[in-house]
Amino acid sequence: MKSEKNQEQNKPEPSEFAKRKKAEADRLVEQFRFKDALTIMQEALTQDETVVHTRTL
């Protein structure tokens, strides 16, 4: 368990870009536009690797 906690502490914070894209994707999910939300997140990930860390937001 201790190593999991250390990994969480070492994770970089999502950038402001990543947070904006996550919010945009969340709005699309609320409209049941899942494919569009996925596309937003996939495209954002190609531009900013911290997007992967938005899973916990």
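Okay, so let's go over this structure.

Cut-offs and rules
Residues numbered from 1 in each chain as written. Predicted model: local features only at pLDDT ≥ 70, side-chain atom pairs only at ≥ 80, totals over all residues. Heavy atoms only, no water. Phe/Tyr/Trp six-rings, centres within 6.5 Å; stacked < 30°, edge-to-face > 60°. Buried < 20%, exposed > 50% of the residue type's maximum accessible area, 1.4 Å probe, protein only. Salt bridge = Lys/Arg side-chain N within 4 Å of Asp/Glu carboxyl O. Helix = DSSP H or I, 4+ residues; strand = E, 2+ residues; numbered from the N terminus.

Quick notes on the packing of aromatic side chains
For the structure shown, the criterion picks out 1 aromatic pair. Consider the rings of F32 and F34, whose centres lie 6.0 Å apart with planes at 80°: the pair is edge-to-face. Its relative accessible area of 47% is what places F34 among the partly exposed residues.

Focus on the pattern of salt bridges
The full count for this structure, using the stated rule, is 4 salt bridges. For E16, the salt bridge is made with K19, and the minimal N-O distance between the two is 3.7 Å. Here K19 and E16 lie together in helix α2 (residues 16-30), a separation of 3 residues that amounts to about one turn. Measuring nitrogen to oxygen at the nearest pair gives 3.0 Å for the salt bridge that ties K22 to D26. Pair noted here: K22 and D26 are both in helix α2, with a separation of 4 residues, about one helical turn. Residue class for K22 comes out buried when judged on its relative accessible area of 16%. You can call D26 partly exposed: its relative accessible area is 32%.

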